[in-house]
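Structural features, examined
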Amino acid sequence: MARLDYRTAGESHGQALIALVEGMPAGVPINLDRVNAEMHRRQGGYGRGGRQKIEQDDVTLLSGVRQSVTLGSPIAIQIANKDFRIDEAPPVHRPRPGHADLAGSLKWLTTDCRGTLERASARETAARVAAGAVARCLLDTFGIEIVGFVVRIGKVQAEVDPTAGAAALRAARDANDVYCADPSAVEPMIEQIKAAQLARDTVGGIVEVQVHGLCPGVGSCLRWQDRLDGRLMHAVGAIQAFKGVEIGLGFSAAERPGSEVHDEIDFDPVLRDAPCLGFRRRSNHAGGLEGGMSNGQPIIVRGVMKPISTLLQGRASVSLVTRRPERSDYERSDVCAVPAASVVAEAVVAFEIARAFLEKFGGDTLCEVRTAYEQYLAAARALGERAGG
Ligand code: EPS
């Protein structure tokens, strides 16, 4: 049985983007409207450029699904590019600092950055969102909810209620164009983006993803490769333009003594059926992960996105043909893609959670996965009840 995994293919102005998802059990209902809703959310957000006015990122499921239910076979997903002009697109000789242009041209021994930028472009994230949205169809059936939102744009920081549930966070986020769950930060964030646009500049930010409803014990401390915290950091850190990832308190844990970091434990039988199985924590500084495993608390992952490297004002660069100083090339781009990146982060986290979930509970069919899951929960709830623990 294949491990849940996916690959992507496609260039920004090629014919299409492709995601190939392997290892999904048979019997998972796929809600295409829900998948497309995520695709459209990725295309939106205040600060996007002209490309999204051209594209309509609906997915076509080419294989692996019959009558809206997975077959267990590989799922090939296609997103057609309307702006398909890769053969006519002009060469790019003046690399943009911060983009893949220079490093890629030196790597593939060419003076034309086009060959690199077509694949390095964040357009590829459309395929990751498609794969993540399909993986979420599995998580949905187990009540595992994932919500991503923007917590910072430029100098504006949002404050999010640490006790808010997934539904409340999602409702607050969906009520504005910067996908922020703090209504008071929305206007100042939009002002940051407008100011960057006026200055022919770009602006970055921070996104947060929370996972609610995941039981303990997903991931493992036995092999470093299986630690769920490291896997989530890899998935989020591998999004285009991401430069740092943290879990729970993250980098701010360095300033605190241990007594202000580690989440104290008590047991409340009323919460026996909750994801924490009754083991309540007085805080969630660990961001739901201890020892590389879920602990039943919400998982909290944040990632920082640098400002987009395509600046209307250009940056000092050189021509790869003449090696003389030139301003960097301008390619149509976004002023701020942090809202879109929150959708991508949500998708890659969802995929990683689904993969780790299937490693613990996996089977060929959804029915087998559910049986393993319920057996585990019953055994975990019974812990300590037999022979005095
Ligand atoms: C993007 C599509 C791209 C860019 C952007 C994201 O389309 P185009 O280059 O045709 O305008 O708008 O890519 C980048 C920010 C980048 O640095 O490459 C998309 O669909 O998300």
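Residues numbered from 1 in each chain as written. Predicted model: local features only at pLDDT ≥ 70, side-chain atom pairs only at ≥ 80, totals over all residues. Heavy atoms only, no water.

Description of the site of the ligand
The ligand sits among 14 residues. The nearest are H13, R42, R51, Q52 and R332. At 2.6 Å, a side-chain N or O of H13 approaches an oxygen atom of the ligand. Between the ligand and R48, the relevant distance is 3.1 Å, taken from an oxygen atom to a side-chain nitrogen or oxygen of the residue. Considering the ligand on its own, with 470 Å² of exposed area, one finds that the protein chains cover 92% of that surface. (Near = heavy atom within 4 Å. Polar contact = N/O pair within 3.5 Å; in protein donor to acceptor, adjacent residues only side chain to side chain. Areas by Shrake-Rupley, 256 points an atom, 1.4 Å probe, with all protein chains shown as cover.)

With respect to the nonpolar core
Counting residues in hydrophobic clusters, the biggest one holds 86 residues, and the most contacted among them are V21, I153, M189, I299 and I353. The leading source of residues in this core is helix α9 (residues 338-361), at 16 residues. Apart from the residues lying within four places of it in its own chain, the contact partners of V21 are L4, D5, Y6, P74, I75, I77, A131 and F351. Counting residues in each nonpolar core, the second largest holds seven residues, with V147, F149, A164 and A181 among its members. (Core = buried A, V, L, I, M, F, W, Y, C linked by side-chain atoms within 4.5 Å. Buried < 20%, exposed > 50% of the residue type's maximum accessible area, 1.4 Å probe, protein only. Helix = DSSP H or I, 4+ residues; strand = E, 2+ residues; numbered from the N terminus. Contact = heavy atoms within 4.5 Å.)

Description of the pairing of strand β15 (residues 299-305)
Within β15, six of the seven residues are buried, leaving the element largely enclosed by the surrounding structure. As judged from the five bridges shared by strand β10 (residues 242-247) and β15, these two strands associate in the antiparallel manner. Within the sheet, the bridge partner assigned to E246 lies in β15 and is R302. (Pairing = 2+ DSSP bridges.)

Some remarks on the packing of helix α8 (residues 228-237) against α9
Where α8 meets α9, the closest approach of the two axes is 9 Å, and the angle between their N-to-C directions is 150°. The angle between the axes of α8 and α9 places the two elements in the roughly antiparallel class. In the crossing of α8 with α9, the sense of the turn from one axis to the other is right-handed. Mapping the contact onto sequence places L228, R231, L232, A235 and V236 in α8 and V348, V349, E352, I353, R355, A356 and E359 in α9. (Axes fitted to C-alpha atoms, helices over the stretch in contact; angles between N-to-C directions. Parallel < 35°, antiparallel > 145°, perpendicular 65-115°, else oblique. Left-handed = near helix turned anticlockwise from the far one by under 90°.)

Quick notes on the sheet that holds strand β7 (residues 145-153)
Strands belonging to one sheet form pairs held by backbone hydrogen bonds; the direction of such a pair is parallel or antiparallel. Judged by pairing direction, the sheet is antiparallel, and its five strands sit side by side in the order β8-β7-β9-β15-β10 without closing on themselves. Whereas interior strands pair on both sides, the edge strands pair on one side only; in this sheet they are β8 (156-157) and β10. Each of β7 and β8 touches helix α7 (residues 183-198); the most contacted strand, β7, lies at about 60° to it. Taken strand by strand, α9 contacts β7, β9 (205-212), β10 and β15, and its axis lies near 145° from that of β7.

Some details on the packing of helix α5 (residues 125-140) against α9
Interaxial distance between α5 and α9 falls to 8 Å at its minimum, and their mutual angle equals 45°. Taken together, the axes of α5 and α9 are oblique relative to one another. Judged by the twist between their axes, the crossing of α5 over α9 is left-handed. Taking contact as the criterion, the partners of T125, R128, V129, A131, G132, A135, R136, L138 and L139 in α5 are, on α9, V343, V344, E346, A347, V348, A350, F351, I353, A354 and L358.

Focus: the pattern of salt bridges
Enumeration over the complete set of coordinates arrives at 38 salt bridges. When the shortest N-O distance is used, the salt bridge between E326 and R94 registers 3.7 Å. Taken together, the residues E326 in strand β17 (residues 325-327) and R94 in the loop between β6 (75-80) and α3 (101-107) connect sequence positions 232 residues apart. For E326, a relative accessible area of 32% puts it in the partly exposed group. For E346, the salt bridge goes to R173, with nearest N and O atoms at 2.9 Å. With E346 in helix α9 and R173 in helix α6 (residues 166-173), this pair connects stretches of sequence that are 173 residues apart. Both residues of the pair, E346 and R173, belong to the buried class. Three or more residues joined by partner-sharing salt bridges are found here, namely R42, R51, E55, D57, D83, R85, R123 and R332. (Salt bridge = Lys/Arg side-chain N within 4 Å of Asp/Glu carboxyl O.)

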